[in-house]
Amino acid sequence: MSKKRQKRRKIKENLFNKRRLIILNEDTFEETFSLKLTLMNVFVVATLGAIIITFVTTLIIAFTPLRELIPGYSSSKLKRDATELALKSDSLSKALKRNEAYIKSIQKVLTGELEYAKFNKDSILEAAAEITKPVDLSPSKQERELREQVAKEDKNSLPSSSKTRSENPK
């Protein structure tokens, strides 16, 4: 117990004993700077310096355009432009579909497949909007067979892995 106390007292003395930091001019051995320090003062100043540097760096990155250089962050202008372009591309694709339907109808009139009297631009545009075909999402025969095969493999693999665990206890 007394050895622990002696060690603690020695460490405390080392932390709080004053030391002198002297900077000398090597040519003239003239003292240019002198400072009295303790180890505790040095630790406190170093710790505070590290905290302040971390805090300032975080503030600079968080509140300046510098954050855009970090992967994963993008500027608000870039996000806004991407949204606008996505909306424009959607509207352009819809307009393109309408124009294609209109051109196909005109080709039918020009080739004689459709009479001019029956040709109406409004009905063509409505038909183009209704062209979207329903998609059949029911699984095909091959998909069902594959699903059954995978399910069988899963059922077969589970008991074998539990057997190996029970046979090889660790």
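In this report, we go over the structure that sits alongside the text. What you see is a predicted model; the values in this text were computed from it and never measured. Numbering of residues begins from 1 in every chain and follows the order in which that chain's sequence is written. Per-residue local features are limited, in this predicted model, to residues with pLDDT of at least 70; the limit for side-chain atom pairs, both in listing and counting, is 80 or more; totals at the level of whole chains, interfaces and linings are taken over all residues. Only heavy atoms go into the side-chain values, all of them from the structure, while hydrogens and water stay out.

## A word on the overall build of the chain
At step 1: Scanning the chain from terminus to terminus reveals five helices and two strands.
At step 2: Strands here mean DSSP runs of E at least two residues long; helices mean DSSP runs of H or I at least four residues long; both are numbered from the N terminus. Starting at the N terminus and walking to the C terminus, you meet the elements of the chain as α-β-β-α-α-α-α.
At step 3: Accessible area is worked out with a 1.4 Å probe on protein chains only. A residue is then buried under 20% of its type maximum, exposed over 50%, and partly exposed in between. The buried share of the chain, taken over its 170 residues, is 4%.
At step 4: In this analysis, two residues are considered to be in contact whenever any of their non-hydrogen atoms come within 4.5 Å of each other. Pairs at least 24 apart in sequence give 17% of the contacts found in the chain among residues at least 6 apart.
At step 5: Where accessible areas are quoted, they stem from the Shrake-Rupley method and a 1.4 Å probe; at the residue level, only the protein chains shown are allowed to cover. On the chain, roughly 16,100 Å² of surface is accessible, and the fraction owed to carbon and sulfur atoms is 59%.

## Points about helix α3 (residues 76-111)
At step 1: What a helix is expected to span follows from its residue count: subtract one and scale by 1.5 Å. Counted at 1.5 Å a residue, the expected span for α3 with its 36 residues is 52 Å, and the 52 Å between its end C-alpha atoms agrees.
At step 2: Of the residues trailing α3, G112 is marked for its positive phi of about 95°.

## Considerations on the pairing of strand β2 (residues 31-37)
At step 1: Pairing of strand β1 (residues 19-24) with β2 involves six bridges; the strand directions are antiparallel. Bridge pairing in β2 places I23 opposite F33.
At step 2: At least two DSSP bridges between two strands are needed for those strands to be called paired. Remark: six residues form the turn of the hairpin made by β1 and β2, two consecutive strands paired antiparallel; F29 in that turn has positive phi of roughly 55°.

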